[in-house]
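Inside the fold
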Amino acid sequence: MNITAETQAIGLLGHPVAHSLSPQMQNAAIAAYGLPYVYLAFDVQPHLLAQGVMGLRGLGFRGANVTVPFKVEIAEFLDGLSEEASLCGAVNTIVNENGRLIGYNTDGEGFLKALESVFDWQPRGQHVLLLGAGGAARAIGAALLQAGVEELFIYNRTPERAIGLASLLGRMGHWRTRAVERPGEAIPYVQLLVNATSVGMDPKTDAIPLNPELLENHLLVADLVYQPQQTRLLREAQRHGCRTMGGLHLLLHQGALSFERWMHRPAPLEEMKRALHTAISNG
Ligand SMILES: NC(=O)c1ccc[n+]([C@@H]2O[C@H](COP(=O)([O-])OP(=O)(O)OC[C@H]3O[C@@H](n4cnc5c(N)ncnc54)[C@H](OP(=O)(O)O)[C@@H]3O)[C@@H](O)[C@H]2O)c1
């Protein structure tokens, strides 16, 4: 990487960020085109978020990614939101558009692209069970419904949040959404099961978000967790004959869409994928 006085920065704002693989993935994409940018991760103390955003603005950053825990509250410091960021109430990408910082969310569209590339699966007319009711569940639920999913079932540890998300998404698009008290209520009717909780994430890798005996071989099973790549949910699903997709596919596709928003050119997916695998194998 050749850093000169012309090099412009792109940041990742989160807390913590040390585990992130986005710097390796985005710098590989930048290098593939030889672009005059550098991508750096910033661990922002939560009480200094406003100053962090002012820094992006004042220093003329091209943009940023936003991760936990700032995806929702960052919106109040930006100059505008894209339609999908307003719909899901969360921002994971900021683009500096002639001095105006605009918030986007690429998680939903990235997830749809990942489903298509791994399963060759189209959401229209399908039924889906979503586990979780946090920020990722909201982005992915909204994207699935917008893409034509016929009915979305939502299960969450805290049932009130599942009810809240089902009613919010249902109102937004007059879509069919239903909170369920047990995942088993929905499984016979769905083609796709999505884990959008953090259950199974390193270090609690033995955890699983539902009773594995509920898994049936007609299901496609997608896990958003990518550390580890093979979660217990995915292993159990494979044991039951299901096709599976790990969270690395979403990480890749949401990152590719962020790159395209900043650079206005196609993301070099192969280089980004290779960088992710190298970063993981280097620990
Ligand atoms: N692959 C990717 O690129 C990508 C992108 C975005 C997110 N993710 C992953 O998706 C997961 C969710 O992210 P998020 O931003 O939505 O987080 P979040 O807003 O904090 O939501 C966390 C969700 O997990 C549930 N949960 C947490 N601990 C649980 C437990 N012990 N038992 C049952 N449920 C539990 C929460 O349920 P309660 O409401 O009951 O607390 C909530 O539904 C994380 O693992 C994140 O790394 C991956």
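The following paragraphs examine the structure supplied in this document.

Quick notes on the rules
Counting of residues starts from 1 at the beginning of each chain's written sequence and follows it residue by residue. Residues qualify for local features only when their pLDDT is at least 70, as the model is predicted, and side-chain atom pairs are given and counted only at 80 or more; totals for whole chains, interfaces and linings, by contrast, use all residues. Side-chain numbers come from the whole structure's heavy atoms, not from hydrogens or water. Note on conventions: DSSP H or I runs of at least 4 residues are helices, E runs of at least 2 residues are strands, and numbering of each starts at the N terminus. A helix is expected to span 1.5 Å for every residue after the first. Working definition: with a 1.4 Å probe on protein chains only, accessible area under 20% of the residue-type maximum means buried, over 50% means exposed, and in between means partly exposed. The arc in question is the one spanned by the directions pointing from the helix axis to the C-beta atoms. The contact criterion used throughout is that any non-hydrogen atoms of two residues lie within 4.5 Å. Polar contact criterion, stated in full: a pair of N or O atoms within 3.5 Å, where within protein one must be able to donate a hydrogen and the other to accept it, and residues adjacent in sequence count only if both atoms are side-chain atoms. DSSP bridges decide pairing: two strands pair if at least two such bridges lie between them. For helices, the fitted line uses only the C-alpha atoms of the stretch in contact; every axis is such a line through C-alpha atoms, and the angle between N-to-C directions lies from 0 to 180 degrees. The cutoff for a nearby residue is simple: one of its non-hydrogen atoms must lie within 4 Å of the molecule or strand. Reported accessibility uses the Shrake-Rupley method at a 1.4 Å probe radius. Residues are deemed covered only where the shown protein chains occlude them. Of the grid points, spaced at 1 Å and generated over the protein atoms alone, those admitting a 1.4 Å probe that cannot get out make up cavities, while open sets with protein on both sides within 12 Å along at least five of seven lines make up pockets; any residue with an atom within 4 Å of a point is treated as lining. Whether a molecule sits in a cavity or pocket is decided by its atoms, more than half of which must lie within 2 Å of the grid points. Grid points are joined across faces, edges and corners, and a volume is the space filled by probe spheres set on the points. Residue polarity is assigned by list, with Asp, Glu, Lys and Arg as charged and Ala, Val, Leu, Ile, Met, Phe, Trp, Tyr, Cys and Pro as nonpolar; anything else, Gly included, falls into the polar class. For each domain, the first and last residues come from an automatic or database assignment.

Once that is clear, we can look at helix α4 (residues 107-119). With 13 residues, α4 extends 18 Å from end C-alpha to end C-alpha; this agrees with the ideal 18 Å at 1.5 Å per step. Within the span of α4, buried status applies to D107, G108, G110, F111, A114, L115 and F119. Relative to the axis of α4, the buried residues are bounded by an arc of 160° and lie together on one face. Close packing links the buried residues of α4 with α5 (135-146), β10 (192-195), β11 (220-223), β12 (243-245) and α8 (248-263).

One can find N156 in the loop between β8 (151-155) and α6 (159-173). A polar atom in the side chain of N156 sits 3.3 Å from the backbone nitrogen of A133. When sequence neighbours within four positions are dropped, the list of residues in contact with N156 reads G132, A133, R161 and A162.

Attention now goes to the sheet that holds strand β5 (residues 93-97). Reading across from one edge, β2-β1-β3-β5-β6-β4 is the order of the six strands in this open sheet, with mixed pairing throughout. The open sheet has two edge strands with one neighbour each: β2 (37-43) and β4 (80-81). Of the pairings in the sheet, the one linking β5 to strand β6 (residues 100-104) comprises five bridges and is antiparallel in character. Each bridged residue has a counterpart across the sheet, and for E97 the counterpart in β6 is R100. Contacting β1 (8-14), β2, β3 (63-66), β5 and β6, α8 crosses the sheet at an angle of about 5° to β5.

Every one of the 21 residues lining the ligand counts as a neighbour, but A136, N156, R157, T158 and R161 are closest to it. Between G135 and the ligand, the recorded distance is 3.0 Å, taken from a backbone N or O atom to an oxygen atom. Here T158 contributes a side-chain N or O atom positioned 2.4 Å from an oxygen atom of the ligand. Protein contacts shield 75% of the accessible area of the ligand, which totals 920 Å² for the unbound molecule. Assessed atom by atom at 2 Å from the grid points, the ligand resides in the largest pocket. Of all the secondary structure elements, the ones that give two or more residues to the shell around the ligand are α5 and α8.

For the largest pocket, the calculated volume is near 1,400 Å³. If you list the elements that add at least two residues to the lining of the largest pocket, you get β3, α5 and α8. Each residue belonging to the lining of the largest pocket can be placed in one class, and the counts come to 24 nonpolar, 18 polar and six charged. Counting only domains with at least three residues in the lining of the largest pocket, you end up with domain 1 (8-105 + 249-281) and domain 2 (108-246). Taken as a whole, the second largest pocket spans an internal volume of roughly 160 Å³. Across the lining of the second largest pocket, the residue classes tally to six nonpolar, six polar and one charged. Both domain 1 (8-105 + 249-281) and domain 2 (108-246) contribute no fewer than three residues apiece to the lining of the second largest pocket.

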